[in-house]
Amino acid sequence: MLDMLLIVCEQAFLYFPLVLGAYISISLLKVPDLSIESAYVFGAICAARLMPQLSHLPLPVALGCVVLVSLLGGLTVGGVVFLFTRLFHVPHLLASVLTIGLFHGVNQFVLGTANFSLAAFENPLACFSLVPAHPELFMLALFFVVLWVLGALLFYTQLGYSFVIYGNNPSFFANYGISSKYVFCCALLLANALAGLSGYCVSQSSSFVDIGAGFGMALFSVTCLILGKALVRNRLFSILVPVVGILVYCIIQQLLLKVGFNLKYFTMIQSALVLGILINQYRHGALRKSKIDNLGV
């Protein structure tokens, strides 16, 4: 039981930055930010390409470097989407799809192969190992707590409330001389940077980088957000939504493993779970009352 709890926590900590980023862009900003899939992979690739140059550095310093580079990698993807949407006036969904296609080639070029092993390098996430069976758990837990606190503080700032206002009425800021581009850019860059960090953490935990690792990450994020919103009630927006969502998702996944479910069908379960929750909410009128929330999350 304790081992299962540790596995659930570790999995939740690995993917929490991605879900938090999706919460900002997809749930609060209400844009179909499929580009988080590319940010997730490109952040991992940037960190992986840097690791051979960090072998002479102390592990805590190497960890700081790869974390920073993974954030910058994800941020780069967000910046490309922002340019497509705001500079070239491409609709956001199409801009995200084009970005995914563009970075599929960029990923191949930067990584040089479809897979890149990290097993030959010392693991920076294990620099403070307190649980021998889970050497990365302490640093992942630290990331989780830091992001939880920073996310909670962000949502109490004017910028955090601006994300929500943009999601409900993007033209609101024009009436008060506030740049909606600034709000949109901050949210998009932050969301994709967090996705890049999560991509590095997962690839480091798996000891390899795969350019196809981003497949299904948008559905994964939406599933977590749907679960979180279904369980966290009576709040306009809250850091508890991604926290509860990712924890419940990982618990469900581990329970299915315990009963012998084949996880190659788990994507189907994700879709069915989201559909079931949405149908239930529509039946109770929760979503019909919100005419603007076209994304349903």
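The text that follows walks through the structure, step by step, so that each part is easy to find. (Residues numbered from 1 in each chain as written. Predicted model: local features only at pLDDT ≥ 70, side-chain atom pairs only at ≥ 80, totals over all residues. Heavy atoms only, no water.)

Examined against the element boundaries, Leu75 turns out to sit in helix α3 (residues 59-87). Along the chain, Leu75 and Ser27 lie 48 residues apart, while their C-alpha atoms are 19 Å from each other. Apart from residues lying up to four places away in sequence, Leu75 is in contact with Leu189, Asn192 and Ala193. (Helix = DSSP H or I, 4+ residues; strand = E, 2+ residues; numbered from the N terminus. Contact = heavy atoms within 4.5 Å.)

Before going further, it helps to spend a moment on unusual backbone geometry. Phi is positive for Lys30, which is not a glycine, with a value near 60°. Relative to the assigned elements, Lys30 resides in the loop between α1 (2-28) and α2 (36-50). Phi at His89 takes a positive value of approximately 60°, unusual for a residue other than glycine. For His89, the location among the structural elements is in the loop between α3 and α4 (92-111).

The next subject is the side chain of Glu37. Examined against the element boundaries, Glu37 turns out to sit in helix α2. Salt bridges are absent for the buried Glu37, whose nearest opposite-charge side chain, Lys229, sits at 19 Å. Engagement of the side chain of Glu37 in a polar contact is seen with the backbone nitrogen of Ala218, the distance being 3.2 Å. Apart from residues no more than four positions distant in its own chain, Glu37 is found in contact with Ile100, Gly214, Phe215, Gly216, Met217 and Ala218. (Buried < 20%, exposed > 50% of the residue type's maximum accessible area, 1.4 Å probe, protein only. Lys, Arg positive; Asp, Glu negative; His and termini not counted. Salt bridge = Lys/Arg side-chain N within 4 Å of Asp/Glu carboxyl O. Polar contact = N/O pair within 3.5 Å; in protein donor to acceptor, adjacent residues only side chain to side chain.)

This paragraph deals with the side chain of Asn107. As for its position among the elements, Asn107 is in helix α4. Assessed through its relative accessible area of 4%, Asn107 is described here as buried. Beyond its immediate stretch of four places on either side in the chain, Asn107 contacts Val41, Phe42, Ile45, Gly112 and Ile211.

Estimates place the volume of the second largest pocket at around 310 Å³. Along its surface, the second largest pocket is lined by 15 residues, and Met217, Tyr249, Gln253, Phe266 and Gln270 are the ones closest to its centre. Across the lining of the second largest pocket, the residue classes break down as nine nonpolar, five polar and one charged. (1 Å grid on protein atoms, 1.4 Å probe; cavity = no way out; pocket = protein on both sides within 12 Å on 5 of 7 lines; lining within 4 Å. Points joined across faces, edges and corners; volume = space filled by probe spheres on them. Nonpolar A, V, L, I, M, F, W, Y, C, P; charged D, E, K, R; others polar.)

Below, the discussion takes up the packing of aromatic side chains. In total, this model carries 14 aromatic pairs according to the counting rule given. Ring geometry for Tyr23 versus Phe155: centroids 5.7 Å apart, planes at 70°, classification edge-to-face. With Tyr23 in helix α1 and Phe155 in the loop between α5 (137-154) and α6 (158-168), this residue pair connects regions lying 132 residues apart in the sequence. Neither residue differs from the other here; Tyr23 and Phe155 are each classed as buried. With a centroid separation of 5.1 Å and an interplanar angle of 65°, the aromatic rings of Phe42 and Phe103 are classed as edge-to-face. Here Phe103 lies in helix α4 and Phe42 lies in helix α2, a separation of 61 residues in the sequence. Judged by relative accessible area, Phe42 falls into the buried class, the value being 8%. Since its relative accessible area comes to 4%, Phe103 is described here as buried. Through a chain of ring-to-ring contacts, the aromatic side chains of Phe13, Phe16, Phe144 and Trp148 assemble into a single cluster. (Phe/Tyr/Trp six-rings, centres within 6.5 Å; stacked < 30°, edge-to-face > 60°.)

Where α5 contacts helix α7 (residues 180-206), the axes come no closer than 13 Å and their chain directions differ by 170°. Relative to α7, the element α5 lies roughly antiparallel. Residues Leu140, Phe143, Leu147 and Leu154 of α5 pack against Leu190, Leu194, Leu197 and Cys201 of α7. Considered class by class, the residues forming the contact of α5 with α7 number eight nonpolar, no polar and no charged. (Axes fitted to C-alpha atoms, helices over the stretch in contact; angles between N-to-C directions. Parallel < 35°, antiparallel > 145°, perpendicular 65-115°, else oblique.)

Each full turn of the α-helix corresponds to 3.6 residues, which orients residues three or four apart in the same direction. Taken together, the buried positions of α6 are Gly160, Ser162, Phe163, Val164, Tyr166 and Gly167. Buried residues along α6 sit in contact with α1, α3, α5 and α7.

This paragraph deals with the nonpolar core. It is characteristic of soluble globular proteins that their nonpolar side chains tend to be buried jointly. Counting residues in hydrophobic clusters, the biggest one holds 90 residues, and the most contacted among them are Tyr15, Leu63, Phe155, Phe220 and Ile246. At 14 residues, α1 tops the list of elements feeding residues into this core. Residues within four places of Phe155 in sequence aside, it is in contact with Leu20, Tyr23, Ile24, Leu28, Gly160, Tyr161, Phe237, Ser238 and Ile239. (Core = buried A, V, L, I, M, F, W, Y, C linked by side-chain atoms within 4.5 Å.)

Residue placement: Pro242 occurs in helix α9 (residues 240-258). Between the C-alpha atom of Pro242 and that of Leu72, which follows or precedes it by 170 residues, the distance is 22 Å. If we ignore the near neighbours within four places in the chain, the residues touching Pro242 are Phe16, Val19, Leu20 and Tyr23.

Without other data, these values stay purely geometric and don't point to any function.
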